[in-house]
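Residues per chain are reported as follows:
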Amino acid sequence: MTAHFIVRFRKRYVSVFFFSVTWSFAFSLTRYSIPEEMGEGSVVANLAADLGLDVSSLSDREMRLDIIASKKYVDVNKDTGELYITEKIDREQLCSSKATCFLKMDVIIESPLQIFNIQLEITDINDNAPYFLRERIKLDISELASPGERFFLDNAVDPDVGTNSVKTYHLSENEYFSIAIQTGRDGSKFADLVLKKALDREEQAVHNLILTAIDGGAPPQSGTASITVRVLDTNDNAPQFDQQMYTVNITENSPIGSLVIKLNATDLDYGANAEIVYSFSPYTLQRTQKTFSMNTVNGEIRVNEAIDYEETRIFEIHVQAKDKGPNSMSAHCKLIVFVIDINDNYPEISIKSFKSPIKENVTIDTVIALISVSDRDAGENGKVDVHLSELLPFTLQKSSENYYALVVSEPLDRERVPEYNITFIVTDRGSPPLSSNKSITLELLDVNDNPPVFPKPFYTISVMENNAPGAVLSALTALDTDLNENKYLTYSILEKNIQNVSISKYFSVNPENGNLYALQSFDYEKEKEFLFHIEAKDSGVPQLSSNTTVRVLVHDQNDNSPVIVSPWRAQGSVAEELIPRSTDKGYLVTKVIAIDADSVQNARITYQFLQLSDSSLFSLDQYNGEIRTMRMFSQRDSRKQRLVVLAKDNGEPALSSTVTIKLSTVEPVSKASSGAIEVPVEYDLFSDLNLYLVIGLGAVSFLFLIVILVIIVVKCQRPKPVEEPPPCRNSFPSLRNSMNSQIADSTLISSDAYWYSLFLAETRKGKVVVRQTVPNGAGYIVSSIPRSTGLTETSESAASTLQESSSGFP
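Caption draft 1: Inspection of the overall build of the chain at higher detail. When you go through the chain residue by residue, the secondary structure sums to seven helices and 55 strands. Relative to its 810 residues, the chain shows a buried fraction of 44%. The long-range share in the chain, meaning contacts at least 24 apart out of those at least 6 apart in sequence, stands at 65%. Counting only carbon and sulfur atoms, one obtains 52% of the accessible surface of the chain, whose full area is about 42,400 Å².

Caption draft 2: Examining the sheet that holds strand S14 (residues 166–171) more closely. Spatially, S11-S18-S17-S14 is the arrangement adopted by the four strands of the open sheet, whose pairing is mixed. Two strands in the sheet have a free side with no partner beyond their single neighbour: strand S11 (136–142) and S14. Geometrically, the sheet is characterised by an average inter-axis angle of 25 degrees between neighbouring strands, direction not taken into account. With seven bridges connecting them, S11 and strand S18 (residues 222–232) associate as parallel partners. Each bridged residue has a counterpart across the sheet, and for Asp140 the counterpart in S18 is Arg230.

Caption draft 3: Structural detail: the pattern of salt bridges. Within the structure shown, the criterion is met by 21 salt bridges. A salt bridge links Arg150 to Asp192; the shortest N-O distance between them is 3.6 Å. Of this pair, Arg150 sits in strand S12 (residues 150–152) while Asp192 sits in strand S16 (residues 189–195), and the two are 42 residues apart along the sequence. The exposure class of Arg150 is partly exposed, given its relative accessible area of 45%. With its nearest N and O atoms 2.5 Å apart, the salt bridge here joins Lys197 to Glu175. Here Glu175 lies in the loop between S14 and strand S15 (177–183) and Lys197 lies in the loop between S16 and strand S17 (206–215), a separation of 22 residues in the sequence. Using a relative accessible area of 34% as the deciding quantity, one classes Lys197 as partly exposed. Accessibility expressed as a relative area gives 48% for Glu175, which makes it partly exposed. Residues participating in the shared-partner salt-bridge network are Arg414, Glu415 and Asp446.

Caption draft 4: Structural context of the pairing of strand S26 (residues 314–323). Counting buried positions along S26 gives seven out of 10 residues, so the element sits mostly inside the fold. By the bridge criterion, five bridges tie strand S23 (residues 276–280) to S26 in an arrangement that is antiparallel. In the strand pairing of S26, Val277 is matched with Lys322. Where S26 lies against strand S27 (residues 330–340), nine bridges are found, and the strand directions are antiparallel.

Caption draft 5: Quick look at the packing of aromatic side chains. Under the definition given, this model contains 13 aromatic pairs. Each ring, one from Phe394 and one from Tyr420, has its centre 5.2 Å from the other, and the planes form 90 degrees; the classification is edge-to-face. Of the two residues, Phe394 is situated in strand S32 (residues 394–400) and Tyr420 in strand S34 (residues 419–428); the sequence distance between them amounts to 26 residues. We note that Phe394, like Tyr420, is buried. Among the aromatic residues, those joined into a ring-pair cluster are Tyr506, Phe507, Phe522, Phe530 and Phe532. Over the face of the ring belonging to Tyr524 we find Lys528, whose NZ or CZ atom lies 4.8 Å from the ring centre.

Caption draft 6: Spotlight on the confidence of the model for the chain. Mean pLDDT over the chain works out to 79, with 81% of the residues at or above the 70 mark. The low-confidence segment residues 719–758 (pLDDT under 50) makes 61 contacts with residues lying over four places distant or belonging to another chain. Within the model, pLDDT remains below 50 along residues 763–810, and this stretch shows 128 contacts once partners closer than five positions in the same chain are excluded.

What counts, and where the lines are drawn
- Residues numbered from 1 in each chain as written.
- Predicted model: local features only at pLDDT ≥ 70, side-chain atom pairs only at ≥ 80, totals over all residues.
- Heavy atoms only, no water.
- Helix = DSSP H or I, 4+ residues; strand = E, 2+ residues; numbered from the N terminus.
- Buried < 20%, exposed > 50% of the residue type's maximum accessible area, 1.4 Å probe, protein only.
- Contact = heavy atoms within 4.5 Å.
- Areas by Shrake-Rupley, 256 points an atom, 1.4 Å probe, with all protein chains shown as cover.
- Pairing = 2+ DSSP bridges.
- Axes fitted to C-alpha atoms, helices over the stretch in contact; angles between N-to-C directions.
- Salt bridge = Lys/Arg side-chain N within 4 Å of Asp/Glu carboxyl O.
- Phe/Tyr/Trp six-rings, centres within 6.5 Å; stacked < 30°, edge-to-face > 60°.
- Lys NZ or Arg CZ within 6 Å of the ring centre and 35° of its normal.
- pLDDT = per-residue confidence, 0-100.

Shown next, in the form of structure tokens:
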């Protein structure tokens, strides 16, 4: 798109041109043309309209100018989108003597990012008059000079350019001289003084002329210089150069003193008239004369100052060779010096915009920074490549000529990398290549993207029963890698009921630090373990949480004494047993069975005699509690034996219970027969019989009460009726066998071995099987007690769970 507008400023018409206006994000270029010296506040153009931008969004989108100049001559009104002058522009100061003068700038608009390249051409106005470096020009011309011979004059200088620069020269009226206007390679104008007719020193020795330089401005301006021509006497041979124009190449940054060229001029005269002096002619610019030095004797031109290709690429040197004759004559030549570029400028990086800090959850392709790169060198030396110093989750995208956008290429995670040190490296393509770098630090802001995490998914906490309420069981602390409120955690127990009781009745957790407290004293015999969940929740938005499983194991303490359930005792801790006096060695007198509500070591019971009438008569198995005879009874042994058995658990400290067993021995009775022979009775038979009668009477009374109780129990439980054999009073010799047969008929146990097997089987099922002797040998009671029942249950209550009774004997 190309457009042309005529804009009027201060009664002058200014042409404003637009070239190649492209409405796109990258490589858009807009050109305007304005005259220099425009007043402050003057409007250049409406950028918003020309670039197709919405004026109302310019402030929000942070529209700004990036001017490549030492001063900010123009700015943009964000309310109207107009480009206006902020400081008068002096073209001659800004661009020196360049033919074209551009003020380059970039219009940068954020969100979304847009970049427009603007070139503001500063056109020249005729605000400078031509002037001569020397207001008085003196020339010595031999009278032998031939008509048509030319003499160089100082050229006029005009800071303006183009049509406003020196256009022509005018020489005051005279009959001997005229001027010939020459055009230099750069378009500059200079005048040669031309001799129209031969001079006669005797007629006129000095000629005074006025040279006027006129520019091409409207209206034109002018400057003058006076020329004084002295007519010299004869020196009729002028020096001559080998050629009129020389060209030479020199690399920039050549060492000072380096030889550029050695010029040679010859003079056919002799003596002083042939001696030549070399010098720069007035046509050589002052800057060029400072850059190079001239050897006036031998014509050598050497480097006098550092040469920079980026400042000047071509030098034009005018050299004059003048002899030393009385009427010196001169010759002139032109030397063109081409500067060859070397890669002596490091590329540059400029950060145009940068956003930091940013949130860690920014989307991919988000623009983080905008940079520009440049290199003052030319050709391949001025071409640059830019990249990041290391592999990062960012990439560089070219947005326009020499502009790159740093965008996010991978998801960011502040917990892994909280900040990035990003280094841009730009390298030119020269040989050897030069590079430079610039670093920025990008900080990431935290978002709540990490839930709390417990170190372990499952915690097992051990606590002894009978613990003190309110004690700290454990510290369950979760970790959250986020920051600030996103990592502030609160703890809670997820609600759960245990046997219809809320878990919060048993435990509580400190919501700030996760300390777990026991609210009650635990009883291992009631609850052996608890299983529940603890949740940790952060304070972010939205809240994130996680939980862990807690298993609290209650460990047993030795807080229950053994309970002796066999042998059966009517009351107190005394058990009575009857055994035949004729028992053999190893006879099972009775078996002491104790149960302990504790577990493991605390429930392991050992048995020992605490008191014993005769240590040689009875033995006690410390593990199963069996009391057996160690020998047969003798007449000397007492008929009543008292045994005190201690049942002790394996806890720390150990707890124990005792049982007192009173043993009574009875004599066997022989069966009556018709041919029985009367046996003489020993002396103590009468006393023993009396004792037996007393015991029998007591046993019958006690048995009667037991029978009544058993009948009541049987009626309540409706057991299957069992026929009982009639008692035999003459069965004392087989008392033990009779007891065993009664047990086989009336209970589940037929023998000690079978009973013991049943005891082991039921014990493996978690139950305790107890065999108890009914008072006065009336029978046995078998109890099957679950281990989970309370430990305070007495032997009587345990015996009532399963019982069968048999008829007794007197």
